[in-house]
Amino acid sequence: MNIWTWRPGWDPLGELQRQVDRLFDFTQDVSRQFYQTWRQFPAFNLYEAPSEYMLIAPMPGIRPEDLDVSVVGGTLTIKGERRRAAGVPEEAYRRMERWQGKWSRTLQMPENADNDRLSATLDNGVLYLRVPKAPEGQPRQVQVKTGSN
Amino acid sequence: MHPIHRWSPREDGGPQAQGGEHPQPPAGNVYTPPLDIHETPEGLVLEADLPGVAPEHLEVRVEQNVLTIYGKVSWTQLPEGARLIYEEVRPGDYYRSFILSDEVDTDRIAADFSNGVLRLTLPKAAKARPRKIEVRTSAPA
């Protein structure tokens, strides 16, 4: 299990991704599919907006009932299981490129994330998870007083 | 059911049915959507992952016996001006095209799209289904 922690400037997977990008040509290249199986499911991106954080994770075929989102302490876990259509015997498959199985991703939330107000939406097979920032996290001006004399 | 564009050449070079221009692979980041294909008694079922594509931006075309899938991706709920702080996936459109065997009855292809998964049913033409042929014997001369 990997726990990803937000730290400014730390981007280990991005660096690895850039290195691998140089090995493969990623536009319309079938070999990329094999590289994708190395990755965890689902892949996700993190964004910061002025008043909230957002996690975006494409997860095709996942419905709300297939998904489990929980926050314990400051740790967010999203997990579920992706299954193929029921009732189809394995021998009937001519091609199986889509990943299936149990999956789980874990993430350490930043200090100023108000995890109790987390909300999640599934839209066209993409998970959008929003966490507002706690008000104390907003910068506030501090008056600097000068001492007399 | 998701609409399927059917294009067929006309001798008079007249307007093409639905669809418009011949589809070209899109520019920019493009992914080949992974797919599963399985057989059923009626034909084939194809399931492709196209997360982030809205139904109105998905195009499925059948041109003679070439099937083309093109999905335009947009992460609609990403707020404007949000700053990317960690990236594992870059959004990109999906494109895949392939040749269907003559067994497939292209007029009866059906498409369903939900939760980012496209499900295509490709029925076998009646003549492609195995059928028993009566062998008549004639008396030896």
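The rules behind these values
Residues numbered from 1 in each chain as written. Chains lettered and ligands numbered in written order. Predicted model: local features only at pLDDT ≥ 70, side-chain atom pairs only at ≥ 80, totals over all residues. Helix = DSSP H or I, 4+ residues; strand = E, 2+ residues; numbered from the N terminus. Buried ≥ 20, exposed ≤ 12 C-beta atoms within 10 Å, placed from the backbone. Contact = placed C-beta atoms within 7 Å. Nonpolar A, V, L, I, M, F, W, Y, C, P; charged D, E, K, R; others polar. Pairing = 2+ DSSP bridges. Axes fitted to C-alpha atoms, helices over the stretch in contact; angles between N-to-C directions.

Colleague: Break down the overall build of chain A for me, with residues and values.
Modeller: Counting its secondary structure elements, chain A contains two helices and nine strands. Put simply, chain A runs from its N terminus to its C terminus through helices and strands in the order β-α-α-β-β-β-β-β-β-β-β. Within chain A, the proportion of its 149 residues that are buried is 18%. The long-range fraction of contacts in chain A, counting pairs at least 24 apart against all pairs at least 6 apart in sequence, stands at 53%.

Colleague: Tell me about the overall build of chain B, residues and numbers included.
Modeller: Each helix and strand in chain B was counted, giving zero helices and 10 strands. Within chain B, the fraction of its 141 residues that count as buried is 27%. In chain B, 59% of the contacts between residues at least 6 apart in sequence involve partners at least 24 apart.

Colleague: Lay out the environment of Asp-49 of chain B with the relevant residues and their values.
Modeller: Tracing the sequence through the fold places Asp-49 of chain B in strand β4 (residues 43-49). Given 25 C-beta atoms within a 10 Å radius, Asp-49 of chain B is considered buried. Separated by 66 residues in sequence, Asp-49 of chain B and Asn-115 of chain B have C-alpha atoms that sit 9.1 Å apart. For Asp-49 of chain B, the contacting residues outside a window of four places in its chain are Pro-60 and Arg-98 of chain A together with Pro-33, Pro-34, Gly-116 and Val-117 of chain B.

Colleague: Lay out the interface of chain B and chain A with the relevant residues and their values.
Modeller: Each side of the interface is counted separately: chain B has 34 residues, and chain A has 37 residues. Secondary structure elements with two or more residues in the side of chain B that touches chain A: β3 (35-40), β4, β5 (53-63) and β7 (83-86) of chain B. Broken down by element, the residue count for the side of chain B that touches chain A peaks at five residues, all from β3 of chain B. Across the side of chain B that touches chain A, the residue classes break down as 19 nonpolar, eight polar and seven charged. Relative to β7 of chain B, strand β2 (residues 45-48) of chain A runs antiparallel, the two being bridged by three bridges. Each bridged residue has a counterpart across the sheet, and for Leu-46 of chain A the counterpart in β7 of chain B is Tyr-86 of chain B.

Colleague: Break down the sheet that holds β4 of chain B for me, citing the residues and quoting the values.
Modeller: Spatially, β6(A)-β3(B)-β4(B)-β10(B)-β9(B) is the arrangement adopted by the five strands of the open sheet, whose pairing is antiparallel. Two strands bound the open sheet, and with one partner strand each, they are β6 (93-96) of chain A together with β9 (110-114) of chain B. Each adjacent strand pair in this sheet contributes to an overall mean axis angle of 15 degrees, direction not counted. Where β6 of chain A lies against β3 of chain B, three bridges are found, and the strand directions are antiparallel. Residue pairing in the sheet places Met-96 of chain A in a bridge with Asp-36 of chain B of β3 of chain B.

Colleague: Which residues make up the sheet that holds strand β9 (residues 126-132) of chain A, and what values do they have?
Modeller: Sheet architecture is open: five strands sit in the order β8(A)-β9(A)-β3(A)-β2(A)-β7(B), paired in antiparallel fashion. The open sheet is flanked by β8 (119-123) of chain A together with β7 of chain B, the only strands paired with a single partner. Ignoring which end each strand starts from, the neighbouring axes of this sheet average 25 degrees apart.

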